[in-house]
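# Structural overview for review
Here are the chains, one letter per residue:
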Amino acid sequence: MSKTPFKIDEIGLEDGWTDIIQKARQGLGWSLRQAAEAAGLAFETLEHWESGGGAPATDQLAALAKALRLDPVKLARLQAGGWLPLPRSASAQGAVRFLVLTGHMGSYPVHGYLLFREGAPDAVLIDTAYEPQYALNAVLQTRLMLRWIVLTHCHRDHMEGASFLKAQTGARVAVPREECPAYRAHHRESPDLAIAPDDMIDVGPGFSLRALSTPGHTAGGTSYLVEGVCCVGDALFAGSTGRSMSPQGYTTLLHSLRTRVLSLPPDTVLFPGHGPLTTVAEELKHNPFFPAW
């Protein structure tokens, strides 16, 4: 495990502009050649960009963005390095208190979030951050009672150690219904609760999570809303989205994010599985996957 304290405000964006164009291209089911032709570019030029080489002229980037159905102004701003989400408190949002737990799968950082209310012992862990000892240490140090371990989806970096944490704390495990087969295959046991869209998970008195169905990165991807906070897992990153499993998944992901997450109040803080915290307002203003038109 990393021995360096993690500061959420210091992390950069999960995706650069080349990651974004690749995700959009693959989401549309296009080859490099198809995308290049649609944008009026040479195949070798787009291949070079996606490999991390060179930078496009303004008109080239605009043509590519339009071909990939991205917002050209937002993409140009990200390509120029002109935006990061505003720094925000790494301990509180309204009545909700939280700890950001960041483990590493190899060298790749992944976040989990321990949520609780001031003065109350009940806590919920959203995703395990791959290295569950971080979450266990946080629970022990804060003297909280971990009631639930709730997963956004069942990729290994988000669910590793869930059964260990359950055994150590007595918490119950809740998993989106469509993700349960993957959970059982990895942990060799069933979760305590299969979550359906719009389910409410009661953590403690006056403290509940609402499940928002946000599939597309995975079949059962789910976000969780509580008091001005939405934990989105890998559905959304600051300035980007998660990688979709198919062109159909890409369409589903963008629709679910637009209708269920970006329709929330603008000051809702979004907690992603990777990268910095962001808000609905910042994503509507800066995320190129959601054009202004």
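Attention here is on the structure that accompanies the text. (Residues numbered from 1 in each chain as written. Predicted model: local features only at pLDDT ≥ 70, side-chain atom pairs only at ≥ 80, totals over all residues. Heavy atoms only, no water.)

## Here's the deal with the side chain of Glu179
Mapped onto the secondary structure, Glu179 falls in the loop between strand E6 (172-176) and helix H9 (180-187). Arg177 is the oppositely charged side chain nearest to the buried, salt-bridge-free Glu179, at an N-O distance of 11 Å. (Helix = DSSP H or I, 4+ residues; strand = E, 2+ residues; numbered from the N terminus. Buried < 20%, exposed > 50% of the residue type's maximum accessible area, 1.4 Å probe, protein only. Lys, Arg positive; Asp, Glu negative; His and termini not counted. Salt bridge = Lys/Arg side-chain N within 4 Å of Asp/Glu carboxyl O.)

## A look at the pattern of salt bridges
Taken as a whole and judged by the stated rule, the model has 8 salt bridges. Residues Lys23 and Asp15 are paired through a salt bridge, measuring 2.5 Å at the closest nitrogen-oxygen approach. Judged on exposure class, the residue Lys23 and its partner Asp15 are both buried. In this structure, Arg210 engages Asp198 in a salt bridge whose closest nitrogen and oxygen atoms are separated by 3.0 Å.

## Considerations on empty space enclosed by the protein
All chains considered together, the criterion is met by 2 cavities of 30 Å³ or more. In this structure, the largest cavity encloses a volume near 60 Å³. Around the largest cavity sit Thr152, His153, Thr214, His217, Thr218, Gly221, Thr222, Val232, Gly233, Asp234 and Ala235, which together line it. Considered class by class, the residues forming the lining of the largest cavity number 2 nonpolar, 8 polar and 1 charged. The computed volume of the second largest cavity comes to approximately 30 Å³. Every residue lining the second largest cavity is listed: His111, Gly112, Tyr113, Ile126, Asp127, Thr152, Cys231, Val232, Gly233, Phe271 and Gly273. Of all elements in the fold, only strand E3 (108-117) and strand E11 (229-233) reach the threshold of two or more residues within the lining of the second largest cavity. For the lining of the second largest cavity, the per-class residue count stands at 5 nonpolar, 5 polar and 1 charged. (1 Å grid on protein atoms, 1.4 Å probe; cavity = no way out; pocket = protein on both sides within 12 Å on 5 of 7 lines; lining within 4 Å. Points joined across faces, edges and corners; volume = space filled by probe spheres on them. Nonpolar A, V, L, I, M, F, W, Y, C, P; charged D, E, K, R; others polar.)

## Section: the layout of surface pockets
Empty space among the atoms can be located by rolling a probe the size of a water molecule over them. Approximately 160 Å³ is the volume found for the second largest pocket. Around the second largest pocket, the lining residues are Gly27, Leu28, Arg69, Pro247, Tyr250, Thr251, Leu254, His255, Arg258, Phe289 and Pro291. Sorting elements by how many residues they give to the lining of the second largest pocket places helix H10 (residues 247-261) first, with 6 residues. Considered class by class, the residues forming the lining of the second largest pocket number 6 nonpolar, 3 polar and 2 charged.

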